Amino acid sequence: MKFGPIPIETAEGAVLAHSTTAGERRFRKAHRLSAEDVALLRTAGVSEVVAAVLAEDDLGEDAAAQTIAGSMAFRGIEAKPAATGRVNLHAKAPGIFTVDAAAIDAINAIDPAITIATLAQHAPVEKGQMVATVKIIPFAVGSALVDAATEICAAGEIFAVNAYRPVRVGVIQTVLPGIKPSVLDKTLRVTEARLARTGGRLTAERRTAHEIAPVAEATASLVRDNDMVVIFGASAMSDFADVIPAAIEKAGGTVVRAGMPVDPGNLLVLGTLGGKHVIGAPGCARSPKENGFDWVLDRLIAGLDVTARDIAGMGVGGLLMEIPTRPQPREPLPAKSQLKVGIVLLAAGRSSRMGGPNKLLALFDGKPLVRRTAERALGSKASRTVVVTGHQRERVRAALAGLDVTFADNPDFTDGLSTSLKAGIAYLPEDSAGVMIALGDMPDITSDDLDRLIDAFRKGGGNAVVRASHDGKRGNPVLLPRSLFPAIAHLEGDTGARHLVETEGLDVIDVEIGAAASVDVDTREALEGAGGVLQD
């Protein structure tokens, strides 16, 4: 593949490196030029274009990505059609993701043109979640490089989603003087909810004295009619010969591992009896918060074996989020009311439907529209306002002079909305719990409207998408949780927040804010009807 400036006379068949216009016709980045396209560009006075010219042995980006993905052996995963040099792979069912890390590393070492990114080993996934992506970086790649990648893929299964199985679980809870029945009842409810998440079912419970013999007897009894037994001790394990490990051995079982390098979760015990698993749950497993117990339980329910060596290897990444009720917490968690939300104000567009003037510089009550919108963002509860500029960036910046906003310049704004989203989010601080995507051309949005969205986001714990609405119809702005930031990094072209809301499967909270959610000013008529005055 050759890349660089090409005379327009020889550009037929070349792939554009940048968006290019010919009169009213706009050719997007990665468009392959036809003879008709070349003629239009020449008529428009274009003498050369920056493009890629494919050699005979080159594969285009989509064909290369599709070929590599098609050569992979995987289970429980669906590959989507190639687009913009990328093939995304999604889980068919909830389960645990496993990956041949050595094979992925080998493919990524072939050439920087070929990349594969995946979730972490043993990551829990939901149905429909993206677990891996194959991306070709340039517009084309040599077929020999693609062949090298497919040869590695042919060696065996490269990744899988190991679906959860509907296991039956028996629970034992030991009792000491002073332990409240309400604590035991809550433990059952938490355990049932934990199992329901993976399709498991709690079938029986035994409550015994915190002694070796009765725990051994209950374990032997429950293991006969269940796929797994979980033991909650009234007292935490303090020695490797303590009640729970000793009871597993007395029942005729084997202790695989006592203790794990995961915190919370250090005091877990894993054993086997009659070919079935027995887990001595750490005290933190009485809470629904993630802990080392989840790591072991989920893998076993997905049909994966967990060895002593596996548990010993969990230390890196094993320092988990603190449970607030734990004595002497390492670090307090922020209250919901303190969750930080940044605003990304999109102000990079060309106002093409206006026929020339920039609508963001139109005057409303004597003030540029973009300044009016930015001031309302600054007047809200948002922790930071980032303004993304592109078209007429200097004029837009001048209109915002003196305001405490952060500017994010987007030189690729003509390539679509996704480029502005990525440019703006890159300027948000790491402690941002979410981002509100606000349009610069919505004159009726107020600071109070923005605060209502932020309040709803915080009330939901910072995990849901919050969307402004009018009479039950979706509108703007939209507030996205931090969990969607990686997905935003994978957007291409003119794809925005609506795509993420529809495909990522998160809860959506609609907040009625009235007509302001649907009033924008894309045309002269709409702008003048809203009270604006265009400026040349």
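Below: a short report on this structure. Predicted model, so just to flag it, every value in this text is computed and none were measured. (Residues numbered from 1 in each chain as written. Predicted model: local features only at pLDDT ≥ 70, side-chain atom pairs only at ≥ 80, totals over all residues. Heavy atoms only, no water.)

Another aspect to go through is the overall build of the chain. Of the regular secondary structure elements, the chain holds 16 helices and 30 strands. Burial analysis of the chain (536 residues in total) assigns 48% to the buried set. Counting only contacts in the chain whose residues sit at least 6 apart along the sequence, the fraction spanning at least 24 positions is 68%. Only carbon and sulfur atoms are counted for the fraction: they give 51% of the accessible area of the chain, which is about 24800 Å². In the chain, 57 side chains carry a positive charge and 65 a negative one; their mean positions are 5 Å apart. (Helix = DSSP H or I, 4+ residues; strand = E, 2+ residues; numbered from the N terminus. Buried < 20%, exposed > 50% of the residue type's maximum accessible area, 1.4 Å probe, protein only. Contact = heavy atoms within 4.5 Å. Areas by Shrake-Rupley, 256 points an atom, 1.4 Å probe, with all protein chains shown as cover. Lys, Arg positive; Asp, Glu negative; His and termini not counted. Charge placed at Lys NZ, Arg CZ, Asp CG, Glu CD.)

Counted according to the given criterion, the structure contains 18 salt bridges. Here the salt bridges do not stand alone but share partners, grouping Arg194, Arg197, Asp294 and Asp298 into one network. (Salt bridge = Lys/Arg side-chain N within 4 Å of Asp/Glu carboxyl O.)

Its place among the elements puts Thr389 in strand β25 (residues 384–389). A residue is classified by how much of its surface remains accessible, and Thr389, at 0% relative accessible area, is buried. Beyond its immediate sequence surroundings of up to four residues, Thr389 is in contact with Ala347, Ala348, Val396, Arg397, Phe407, Ala408, Asp409 and Asn410.

On the surface, Met1, Phe3 and Val50 cluster together into a nonpolar patch covering about 260 Å² of accessible area. Note that Phe3 resides in strand β1 (residues 2–7). For Phe3, a relative accessible area of 51% corresponds to the exposed category. (Patch = residues over 30% accessible without salt bridge, like charges linked within 9 Å, V, L, I, M, F, W, Y side chains within 5 Å.)

Moving on, we come to the sheet that holds strand β10 (residues 95–99). With mixed pairing, the 4 strands of this open sheet are ordered in space as β7-β15-β10-β12. Sheet topology places β7 (73–75) and β12 (124–125) at the edges, where each strand pairs with a single neighbour. Sheet analysis places β10 next to β12, joined by 2 bridges and oriented antiparallel. The residue of β12 that forms the bridge with Ile96 is Pro124. (Pairing = 2+ DSSP bridges.)

Moving on, we get to helix α12 (residues 417–425). By the criterion of burial, α12 is predominantly enclosed, with 7 of the 9 residues buried. Where α12 is concerned, the buried positions are Ser418, Thr419, Ser420, Leu421, Ala423, Gly424 and Ile425.

On to helix α4 (residues 143–153), then. Looking at α4, one finds that the buried residues are Val146, Ala149, Thr150 and Cys153. Projected down its long axis, α4 shows its buried positions confined to an angular sector of 95 degrees, all on one face. Among the exposed residues of α4, those oriented more than 90 degrees off its buried face are Ala144 and Glu151. (Arc of directions from axis to C-beta.)

Below, the discussion takes up the nonpolar core. Core analysis: the largest hydrophobic core is formed by 34 residues, its most contacted members being Ile343, Val370, Leu400, Met436, Val466 and Leu479. Residue assignment for this core shows that the elements contributing at least two residues are β22 (340–347), α10 (369–378), α11 (393–399), β27 (432–439), α13 (447–459) and β28 (465–470). When residues of this core are assigned to their parent elements, the largest contribution, 5 residues, is made by α13. Leave out the neighbours within four places in its chain, and Leu479 touches Val341, Gly434, Val435, Met436, Leu453, Ile454, Phe457, Ala464, Val465 and Val466. (Core = buried A, V, L, I, M, F, W, Y, C linked by side-chain atoms within 4.5 Å.)

Following both chains from N to C, one finds helix α3 (residues 101–108) and α4 inclined at 175 degrees, their axes separated by 9 Å at the closest point. Considered as vectors, α3 and α4 are oriented roughly antiparallel to each other. Along the contact surface, α3 presents Ala103, Ala106 and Ile107, while α4 presents Ala149, Ile152 and Cys153. Here the residues of the contact of α3 with α4 sort into 6 nonpolar, no polar and no charged. (Axes fitted to C-alpha atoms, helices over the stretch in contact; angles between N-to-C directions. Parallel < 35°, antiparallel > 145°, perpendicular 65-115°, else oblique. Nonpolar A, V, L, I, M, F, W, Y, C, P; charged D, E, K, R; others polar.)

Right, let's get into the packing of aromatic side chains. Using the criterion set out here, one finds 3 aromatic pairs in the structure. Geometrically, the ring pair formed by Phe74 and Phe159 is stacked, given 6.0 Å between the ring centres and 20 degrees between the ring planes. Separated by 85 residues along the polypeptide, Phe74 in strand β7 and Phe159 in strand β15 (residues 157–163) bring together distant segments of the chain. For Phe74, a relative accessible area of 25% gives the class partly exposed. On the accessibility criterion, Phe159 (1% relative accessible area) is buried. The structure contains a cluster of three or more aromatic residues connected by ring pairs, namely Phe74, Phe97 and Phe159. (Phe/Tyr/Trp six-rings, centres within 6.5 Å; stacked < 30°, edge-to-face > 60°.)

To continue, consider the environment of Val146. For Val146, the position within the fold is in helix α4. As for Val146 and Ala374, which are separated by 228 residues in sequence, their C-alpha atoms are 48 Å apart. Those residues in contact with Val146 that sit more than four places away from it in its chain are Leu59, Ala64, Thr67, Ile68, Ile114 and Val141.

This part covers unusual backbone geometry. Cis rather than trans, the peptide bond between Asp263 and Pro264 has omega equal to 5 degrees. By the secondary structure assignment, Pro264 is in the loop between β19 (254–258) and β20 (269–273). Cis geometry is adopted by the peptide bond preceding Pro477, which originates at Asn476 and carries an omega value of 5 degrees. With respect to the secondary-structure elements, Pro477 resides in strand β29 (residues 473–481). Unusually for a residue other than glycine, Thr84 sits at a positive phi of about 50 degrees. Within the fold, Thr84 resides in the loop between β8 (77–79) and β9 (86–91). Of note in the backbone geometry, Gln392 takes a positive phi value of approximately 50 degrees without being a glycine. With respect to the helices and strands, the residue Gln392 is situated in the loop between β25 and α11.

The subject of this paragraph is the pairing of strand β13 (residues 130–136). Extensive coverage of β13 is indicated by the burial of 6 of its 7 residues. Across 5 bridges, the pairing between β9 and β13 is antiparallel. If you follow Arg86 over to β13, its bridge partner there is Lys135. Pairing between strand β11 (residues 114–118) and β13: 5 bridges, direction antiparallel. If you follow Ala117 over to β13, its bridge partner there is Thr133.

Purely spatial values, then, with no claim about function.
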